[in-house]
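Here's the letter readout for the chains.
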Amino acid sequence: MIQVNNLTKIYSNGTRGLDDVNVNIQDGEFICVIGLSGAGKSTFLRCLNRLNDATSGQILIDGDDIAFAQGAKLRTLRRRIGFIFQQFNLSTRLSALENVLAGRLGYHNRFVGALGLFPQADIDLAKGALERVGLADKFNVRVDQLSGGQQQRVAIARALAQQPKLILADEPMASLDPKLSGVIMGLLKSFNKDGISVVVNIHVLELATAYADRILGFNKGRLVFDGPPSALTESEIERIYAGSVADL
Ligand SMILES: Nc1ncnc2c1ncn2[C@@H]1O[C@H](COP(=O)(O)OP(=O)(O)OP(=O)(O)O)[C@@H](O)[C@H]1O
């Protein structure tokens with residue numbers, strides 16, 4: 001369980017990316033985060049695994065505050081949280097399998113990754129993850145020779161190979177043909193059915209309501225909606241999307 005208390009992120013230029021956010025994420029939930037561009041969705045996800053440092057507040061993971069954790073504690077936290085980026089964040093000159101093995105780096109000392117000395121169990125796990133996302137025939141293909149949809153599936157396999165408790169996905173379909181949205185959301189939903197908690201930032205409201213158990217709505221860094229898709233009435237939607245992008 002993740003408990004976020006009074007989380008605030010103020011960027012160095014004074015922008016409030018997050019403003020006093022309080023939310024609990026239960027194990028096994030599938031959450032979609034919605035809001036206008038600039039509402040704070042990415043900042044929220046990035047603070048949860050410390051790609052961004054919060055300015056103040058707490059992030060308790062199973063009771064352990066990680067908002068300002070460092071060193072081994074941070075490393076242990078991060079290895080159980082998979083992060084999927086809009087722009088995939090792959091090493092494009094390496095093969096699909098090598099990229100997925102990077103998901104195992106948090107479990108070993110740095111020489112294992114640098115020298116490519118992953119144990120056979122990791123290689124089997126990485127291959128299994130690629131099979132799961134439909135890329136069984138691409139293990140040894142360089143990532144820059146794959147399509148955008150295939151690259152995102154490599155990134156999803158990398159997150160899965162971490163054996164995560166939680167997957168955070170920041171607009172995972174935004175760089176892809178809209179036709180692939182269902183594939184990506186379907187994969188995340190299938191991992192969720194296996195017990196992995198999933199939090200997805202998403203622009204497309206229809207996808208959010210179709211897949212989520214719970215929706216979080218942000219506006220100008222504030223959490224302004226927290227409830228099931230069925231509670232997302234027209235007036236709530238207007239509240240979440242209130243203001244123009246120019247105000248943010
Ligand atoms: N590195 C940064 N420095 C300064 N301000 C930032 C930085 N990153 C984000 N912001 C600002 O923080 C606010 C929240 O941004 P964030 O990227 O979290 O929004 P978002 O909802 O994810 O938007 P989008 O849907 O466009 O990705 C915005 O006003 C943004 O301009």
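Up top is the structure.
Residues numbered from 1 in each chain as written. Predicted model: local features only at pLDDT ≥ 70, side-chain atom pairs only at ≥ 80, totals over all residues.

A. Structural detail: the site of the ligand. As a matter of local geometry, the ligand sits amid 13 residues, with Tyr11, Ser37, Lys41, Ser42 and Thr43 nearest to it. Ranked by residue count, the leading element in the shell around the ligand is helix α1 (residues 41–48), at three residues. When the residues that make up the shell around the ligand are grouped by side-chain class, the tally is three nonpolar, nine polar and one charged. (Near = placed C-beta within 6 Å. Helix = DSSP H or I, 4+ residues; strand = E, 2+ residues; numbered from the N terminus. Nonpolar A, V, L, I, M, F, W, Y, C, P; charged D, E, K, R; others polar.)

B. Structural detail: the packing of helix α5 (residues 120–132) against helix α6 (residues 148–161). Remark: α5 packs on α6, axes separated minimally by 8 Å, with the N-to-C direction vectors making an angle of 135°. What the angle tells us is that α5 and α6 run oblique. The chirality of how α5 crosses α6 is right-handed. Of the residues in α6, those in contact with Leu125, Ala126, Ala129, Leu130 and Arg132 of α5 are Ala157, Leu160 and Ala161. For the contact of α5 with α6, the class distribution of residues is seven nonpolar, no polar and one charged. (Axes fitted to C-alpha atoms, helices over the stretch in contact; angles between N-to-C directions. Parallel < 35°, antiparallel > 145°, perpendicular 65-115°, else oblique. Left-handed = near helix turned anticlockwise from the far one by under 90°. Contact = placed C-beta atoms within 7 Å.)

C. Quick peek at the nonpolar core. Residues Cys32, Val33, Val100, Ala157 and Ile167 are the most contacted members of the largest nonpolar core, which totals 69 residues. At seven residues, the largest contribution of residues to this core is made by α6. Apart from the residues within four sequence positions on either side, Ile167 is in contact with Gly82, Ile84, Ala159, Leu188, Phe191, Ile196 and Val198. (Core = buried A, V, L, I, M, F, W, Y, C linked by C-beta atoms within 7 Å. Buried ≥ 20, exposed ≤ 12 C-beta atoms within 10 Å, placed from the backbone.)

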